[in-house]
Amino acid sequence: MEVGSELTMVRSKRVVLNSRTCPADIVIKGGKIVEILTDGRTSAQTPREKILDVGDLVVMAGIVDSHVHVNEPGRTDWEGYWTATKSAAAGGITTIVDMPLNSIPPTTTLENFQMKLQMARGQCFVDTAFWGGVIPGNQAGVPGFKCFLIHSGVDEFPHVAEVDLEAAMAELQGTGCVLLFHAEKELERVNPPIHSEAPDPRDYTTFLNSRTDDMELEAIRIVIKLCFQYRVHCHIVHLSSAEAVPIIQEARKAGAPLTVETTHHYLSLAAEEIPTGATHYKCCPPIRGRCNQEKLWSALKAGIIDMVVSDHSPCTADLKRLETGDFMTAWGGISSLQFGLPLFWTAARQRGFTLHDTMNLMCKNTAKLCGIEDRKGSLAPGKDADLVVWNPDKEFEVKESIIYHKNKLTPYLGRRLYGEVFITIVRGNIVYLQGQFPTLPSGEHILVNANSAT
Ligand SMILES: NC(=O)NC(NC(N)=O)C(=O)[O-]
Ligand SMILES: [Zn+2]
Ligand SMILES: [Zn+2]
């Protein structure tokens, strides 16, 4: 079986279905799943050609990573569609959803959106969807939105004030669209800590103390208030502080249309292990302590956190300031797109999470957030034949030679992970086969609209 070929059936002894993991034949036609045959059933449609039998390898719905910064156009040297979607394919991710910032121009107008689509065309190894962006004054209608309550890290994507949010949410009322929040807020410090001498910027705790839990908590309180006030689906991206879990839980119990994600960094890394000057670990909100990490895992297990994404946010190596190790001026963002599944699984398998939980947290719920669950995120007749074939029991090392995204600078270099991806299939096409890629990318561009995939 060679890369690029269009399959007609995938057979495995371990297919992750909605209710169980079992032997099954997935019959594919025209890029769609037409039948899933279990319990030894065959059907008249069982095809005779292009059958891929993967034996005991796990077959799961392709991952939908709803939080990826592809910085093309404008900062393609940070990350572009070719390298980002190649990295996604190598990681079993069959759809990425591109954030509206770090590209120049940002996706804050329909015209800028058209430009993004143009740049993505013919460069995508996997399907690519797009979020729009809300910044002060642009409450124009674009599908699905992201906004910041604190400086975004790039000047061309300013953060919003509550008054901007009120306008945006009034515009969104009744549209079924979701508003995503980078929920951190600068706080006036009544009596700021007086330091005898300036804290060392190379020391991770200096950065950690500049992005405290209460900055997330205050921002999330505002999101919850607006969520109730306007009854618009609000989504908190990359939750880092577990201190916010109780108020999120309480708001959801009270019926707030609120969802929340966390990222692989907060689940796999802890402040205590970040070396001095290791600015490739810098992201906003920051990676917090081990105790916080355990509470995030508990919230994930309890279903209070709905999904796990990468927040792949690369930049050029120089912006990471590794030579000075200055956390305060280094770019905030971690590269990790390709390793999401093994990162999550390596830790989750020890905490009693199942393959089924993994599919829910990384495929089904993220597809639902983006309004593309009718065609992505789980295995069922009628859905796109997006599959990842992987071995949960196979350990491998993150080596620079296997990293496909542009910025090879990731905190996970050298780490040994469980869950090697072998084959990635997008709409019936093999787009990755153990280190090989098709000559022509096959990804298509999906407009993210909470109402429908167009
Ligand atoms: N401009 C960014 O890419 N920001 C991102 N940076 C992080 N997470 O450190 C983000 O998601 O906020
Ligand atoms: Zn963010
Ligand atoms: Zn982000």
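Residues numbered from 1 in each chain as written. Chains lettered and ligands numbered in written order. Predicted model: local features only at pLDDT ≥ 70, side-chain atom pairs only at ≥ 80, totals over all residues. Heavy atoms only, no water.

- In the annotation of an unreviewed UniProt entry, the entry for the protein chain reads allantoinase, and the organism field reads Callorhinchus milii.
- Checking UniProt for the protein chain, the heading Sequence similarities (unreviewed entry) contains the comment "Belongs to the metallo-dependent hydrolases superfamily. Allantoinase family."
- Turning to the protein chain, the UniProt record has this under Catalytic activity (unreviewed entry): "(S)-allantoin + H2O = allantoate + H(+)". (UniProt positions renumbered as here; feature names shortened; annotations may be inferred.)

1. Side note on the overall build of the protein chain
Thinking step 1. Helix and strand counts for the protein chain stand at 10 helices and 18 strands.
Thinking step 2. Taken over the C-alpha atoms alone, the protein chain extends approximately 75 × 45 × 40 Å along its principal axes.
Thinking step 3. Relative to its 454 residues, the protein chain shows a buried fraction of 62%.
Thinking step 4. Put simply, the protein chain shows about 16,700 Å² of open surface, and 52% of that area lies on carbon and sulfur atoms.
Thinking step 5. Distance from the positive charge centre (44 side chains) to the negative charge centre (53 side chains) of the protein chain: 6 Å. (Helix = DSSP H or I, 4+ residues; strand = E, 2+ residues; numbered from the N terminus. Buried < 20%, exposed > 50% of the residue type's maximum accessible area, 1.4 Å probe, protein only. Areas by Shrake-Rupley, 256 points an atom, 1.4 Å probe, with all protein chains shown as cover. Lys, Arg positive; Asp, Glu negative; His and termini not counted. Charge placed at Lys NZ, Arg CZ, Asp CG, Glu CD.)

2. Some words on helix H10 (residues 355-369)
Thinking step 1. Its 15 residues give H10 an end-to-end C-alpha distance of 20 Å, which sits within 8% of 21 Å, the value for a rise of 1.5 Å per residue.
Thinking step 2. The sharpest bend along H10 reaches about 35° and sits at Leu 361.
Thinking step 3. Those residues of H10 not exposed but buried are Leu 355, Thr 358, Met 359, Asn 360, Leu 361, Met 362, Cys 363, Thr 366, Ala 367 and Leu 369.
Thinking step 4. Regarding H10, its N-cap is Thr 354, as a side-chain oxygen of that residue lies 3.2 Å from the backbone nitrogen of His 356 further along.
Thinking step 5. Just downstream of H10 lies Gly 371, where phi reads positive at about 70°. (Expected span 1.5 Å × (residues − 1). Bend = angle between axes of the 7 residues up to and from the residue. Polar contact = N/O pair within 3.5 Å; in protein donor to acceptor, adjacent residues only side chain to side chain.)

3. A few points about the coordination of the zinc ion (ligand 2)
Coordination angles at a metal have ideal targets, namely 109.5 degrees for four tetrahedral donors and 90 or 180 degrees for six octahedral donors.
Thinking step 1. For the zinc ion (ligand 2), the full set of protein donor atoms is His 182 (ND1) and His 238 (NE2), at a range of 2.0 to 2.1 Å.
Thinking step 2. A separation of 3.8 Å is found between the zinc ion (ligand 2) and the zinc ion (ligand 3). Taken as a pair, His 182 in strand S11 (residues 178-182) and His 238 in the loop between strand S12 (233-236) and helix H6 (245-253) lie far apart in primary sequence, 56 residues in all. The burial state of His 182 is the same as that of His 238; both residues are buried. (Donors = N, O, S within 2.8 Å, 3.2 Å for Na, K, Ca; no water.)

4. Things to note about the site of ligand 1
Thinking step 1. The immediate surroundings of ligand 1 are formed by 15 residues, with Asn 102, His 182, Cys 284, Asp 311 and Ser 313 found nearest.
Thinking step 2. Within the backbone of Ser 152, an N or O atom sits 3.0 Å from a nitrogen atom of ligand 1.
Thinking step 3. Notes on ligand 1: free accessible area 320 Å², of which the protein chains cover 98%.
Thinking step 4. Tallied by class, residues from the shell around ligand 1 come to 5 nonpolar, 9 polar and 1 charged. (Near = heavy atom within 4 Å. Nonpolar A, V, L, I, M, F, W, Y, C, P; charged D, E, K, R; others polar.)

5. Points about the coordination of the zinc ion (ligand 3)
Thinking step 1. Coordination of the zinc ion (ligand 3) by the protein is provided by His 67 (NE2), His 69 (NE2) and Asp 311 (OD), with metal-donor distances spanning 2.0 to 2.3 Å.
Thinking step 2. Because the angles between the 4 donor atoms bound to the zinc ion (ligand 3) fall within 83 to 130°, the donor set is best described as irregular.
Thinking step 3. Along the chain, the residues donating to the zinc ion (ligand 3) fall in the pattern H-x1-H-x241-D. (Tetrahedral: all angles 85-135°; square planar, octahedral: opposite > 155°, others 65-115°.)

6. So, the packing of aromatic side chains
The relative placement of two aromatic rings is captured by the distance of their centres and the angle of their planes.
Thinking step 1. Following the criterion strictly, the structure yields 15 aromatic pairs and no others.
Thinking step 2. Geometrically, the ring pair formed by Trp 82 and Phe 125 is edge-to-face, given 4.7 Å between the ring centres and 75° between the ring planes. Placement of Trp 82 in helix H1 (residues 81-90) and of Phe 125 in the loop between helix H2 (110-120) and strand S8 (127-130) is noted, with a sequence separation of 43 residues between them.
Thinking step 3. Looking at Trp 82, the relative accessible area reads 36%, which means it is partly exposed.
Thinking step 4. Since its relative accessible area comes to 1%, Phe 125 is described here as buried.
Thinking step 5. When the centroid spacing of 5.7 Å and the interplanar angle of 90° are considered together, the rings of Trp 345 and Trp 390 count as edge-to-face. (Phe/Tyr/Trp six-rings, centres within 6.5 Å; stacked < 30°, edge-to-face > 60°.)

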